[in-house]
Amino acid sequence: MSDQNNSDTALVLFSGGQDSTTCLAWALSRFARVEMLGFSYGQRHAIELDCRDRLLAGIRQMRPDWSAKLGDSHTLDIPTLSEISDTALTRDVAIEMGADGLPNTFVPGRNIVFLTFAAALAYRRGIRHIIGGMCETDYSGYPDCRDETIKALQSALNLGMARDFELHTPLMWLDKAATWRLAHELGGAGLVDLIREHSHTCYLGERGAQYDWGYGCGECPACSLRAKGWREYVARG
């Protein structure tokens, strides 16, 4: 692919979780070609990366039209992120609130690093559109999930790389119930079931117990948020 920006291609930050899978479906419904990017950074829940192949296989089987749009799937190893972090996502420690009012699951700079690497890859691949599952509605107060942060980073990336990247955050103003609903709107019950069965959210990397909303420990903040959203989604119909 040339180094000229391709307005018909998107790069999705695809971790293997509920949000990123919904974002992938969102991209497939809008762009002619979609590539994916995941990161291995020493996260405790690295099992999420293993879920991606099953999710992609399910999408290919469920939607041949989307299958034809799926491009390369990339994985970048950035272990330095965990080496410089002291968080419950990169260390075997209990999840708790920090003195700064943020949960210790916050990995400082993670989304900034992810989007910067994504832009560097998009630069080489000739891709203009970059899509992430950042959300300011149902989140843990992470400052790098804020709309203001994403807009500022888009400006910095475009200035620093002399490109016209567009950072899309389709979940920014959705709660988890609305995210489940969006998945249904995009891919029907089949996509919702695929996300329930094969995506991964649990911070502890647990996939032993199965709940109506999917697999996980059922107690960590990520599981609690996903379960709450599922209950509200089902209740709202």
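These numbers come from a predicted model, not from an experiment.

Concerning the overall build of the protein
Next up, step 1: Helix and strand counts for the protein stand at 8 helices and 7 strands.
Next up, step 2: Expressed as a percentage of its 237 residues, the buried residues of the protein come to 53%.
Next up, step 3: For the protein, contacts bridging at least 24 residues in sequence account for 70% of all contacts bridging at least 6.
Next up, step 4: Taken as a whole, the protein presents about 10400 Å² of accessible surface, with 49% of it coming from carbon and sulfur.
Next up, step 5: Considering the protein, the positive charge centre built from 24 side chains and the negative charge centre built from 30 side chains are found 4 Å apart.

Quick look at the UniProt feature "binding site: ATP" (unreviewed entry) in the protein
Next up, step 1: The positions that UniProt labels "binding site: ATP" (unreviewed entry) are, in the present scheme, Phe14, Ser15, Gly16, Gly17, Gln18, Asp19, Ser20, Thr21, Thr22, Cys23 and Leu24.
Next up, step 2: With respect to the helices and strands, the residue Ser20 is situated in helix α1 (residues 18-28).
Next up, step 3: For Ser20, a relative accessible area of 7% translates into the label buried.
Next up, step 4: Filtering out sequence-adjacent residues up to four positions away, Ser20 remains in contact with Val12, Leu13, Phe14 and Ser15.
Next up, step 5: Turning to its location among the elements, Cys23 is positioned in helix α1.

Describing the packing of aromatic side chains
Next up, step 1: Applying the stated criterion across every chain yields a total of 6 aromatic pairs.
Next up, step 2: On the basis of an interplanar angle of 5 degrees and a centroid distance of 4.9 Å, the ring pair of Tyr211 and Trp213 is categorised as stacked.
Next up, step 3: Judged by its relative accessible area of 34%, Tyr211 falls in the partly exposed class.
Next up, step 4: With centroids separated by 5.4 Å and ring planes inclined at 50 degrees, the aromatic side chains of Trp230 and Tyr233 adopt a geometry described as tilted. Placement of both Trp230 and Tyr233 in helix α8 (residues 221-236) is noted, with a separation of 3 residues, approximately one turn of the helix. The pair Trp230 / Tyr233 is uniform in exposure class, with both members buried.
Next up, step 5: Positioned above the aromatic ring of Trp66 is the side chain of Arg63, whose terminal nitrogen or guanidinium carbon lies 4.1 Å from the ring centre.

A closer look at the nonpolar core
Next up, step 1: Core analysis: the largest hydrophobic core is formed by 66 residues, its most contacted members being Leu13, Leu24, Leu115, Ile130 and Ile131.
Next up, step 2: Top contributing element to this core by residue count: helix α7 (residues 176-198), with 9 residues.
Next up, step 3: With near-sequence residues (within four places) excluded, Leu24 lies in contact with Val12, Phe14, Val34, Met36, Leu56, Ile59 and Leu70.

As for the pattern of salt bridges
Next up, step 1: Here the structure, examined in full by the defined rule, presents 12 salt bridges.
Next up, step 2: Residue Asp164 is joined to Arg128 by a salt bridge in which the shortest nitrogen-to-oxygen separation is 3.4 Å. Of this pair, Asp164 sits in the loop between α6 (147-161) and β5 (166-168) while Arg128 sits in strand β4 (residues 127-131); the two residues are 36 residues apart in sequence, bridging distant segments of the chain.
Next up, step 3: Taking the relative accessible area as the measure of exposure, Asp164 reaches 42% and is therefore partly exposed.
Next up, step 4: Between Glu166 and Arg128 there is a salt bridge, and its shortest N-O distance comes to 3.5 Å. Of this pair, Glu166 sits in strand β5 while Arg128 sits in strand β4, and the two are 38 residues apart along the sequence.
Next up, step 5: Its relative accessible area of 21% is what places Arg128 among the partly exposed residues.

Points about the environment of Asp212
Next up, step 1: Along the chain, Asp212 turns up in the loop between β6 (210-211) and β7 (214-215).
Next up, step 2: Taking the relative accessible area as the measure of exposure, Asp212 reaches 41% and is therefore partly exposed.
Next up, step 3: Asp212 sits 46 residues away from Glu166 along the chain, and the two C-alpha atoms are 36 Å apart.
Next up, step 4: When near neighbours in sequence (up to four residues on either side) are disregarded, Asp212 contacts Arg196 and Trp230.
Next up, step 5: Engagement of the side chain of Asp212 in a polar contact is seen with the side chain of Trp230, the distance being 3.5 Å.

A word on the side chain of Gln43
Next up, step 1: Looking at the element boundaries, Gln43 is found in the loop between β2 (33-40) and α2 (47-62).
Next up, step 2: By relative accessible area, which is 5% here, Gln43 ends up buried.
Next up, step 3: There is a polar contact of 2.8 Å between the side chain of Gln43 and the backbone nitrogen of Tyr41.

Details of the UniProt feature "binding site: Zn(2+)" (unreviewed entry) in the protein
Next up, step 1: Mapped onto the present numbering, the UniProt feature "binding site: Zn(2+)" (unreviewed entry) falls at Cys202, Cys217, Cys220 and Cys223. Spatial clustering of the annotated residues is evident: they stretch over 22 residues in sequence, but the largest pairwise C-alpha distance comes to 6.9 Å.
Next up, step 2: In this fold, Cys220 is placed in the loop between β7 and α8.
Next up, step 3: Taking relative accessible area as the criterion, Cys220 reaches 5% and is therefore assigned buried.
Next up, step 4: Along the polypeptide, Cys223 turns up in helix α8.
Next up, step 5: When sequence neighbours within four positions are dropped, the list of residues in contact with Cys223 reads Thr201, Cys202, Trp213, Gly216, Cys217 and Gly218.

Conventions we followed
- Residues numbered from 1 in each chain as written.
- Predicted model: local features only at pLDDT ≥ 70, side-chain atom pairs only at ≥ 80, totals over all residues.
- Heavy atoms only, no water.
- Helix = DSSP H or I, 4+ residues; strand = E, 2+ residues; numbered from the N terminus.
- Buried < 20%, exposed > 50% of the residue type's maximum accessible area, 1.4 Å probe, protein only.
- Contact = heavy atoms within 4.5 Å.
- Areas by Shrake-Rupley, 256 points an atom, 1.4 Å probe, with all protein chains shown as cover.
- Lys, Arg positive; Asp, Glu negative; His and termini not counted.
- Charge placed at Lys NZ, Arg CZ, Asp CG, Glu CD.
- UniProt positions renumbered as here; feature names shortened; annotations may be inferred.
- Phe/Tyr/Trp six-rings, centres within 6.5 Å; stacked < 30°, edge-to-face > 60°.
- Lys NZ or Arg CZ within 6 Å of the ring centre and 35° of its normal.
- Core = buried A, V, L, I, M, F, W, Y, C linked by side-chain atoms within 4.5 Å.
- Salt bridge = Lys/Arg side-chain N within 4 Å of Asp/Glu carboxyl O.
- Polar contact = N/O pair within 3.5 Å; in protein donor to acceptor, adjacent residues only side chain to side chain.

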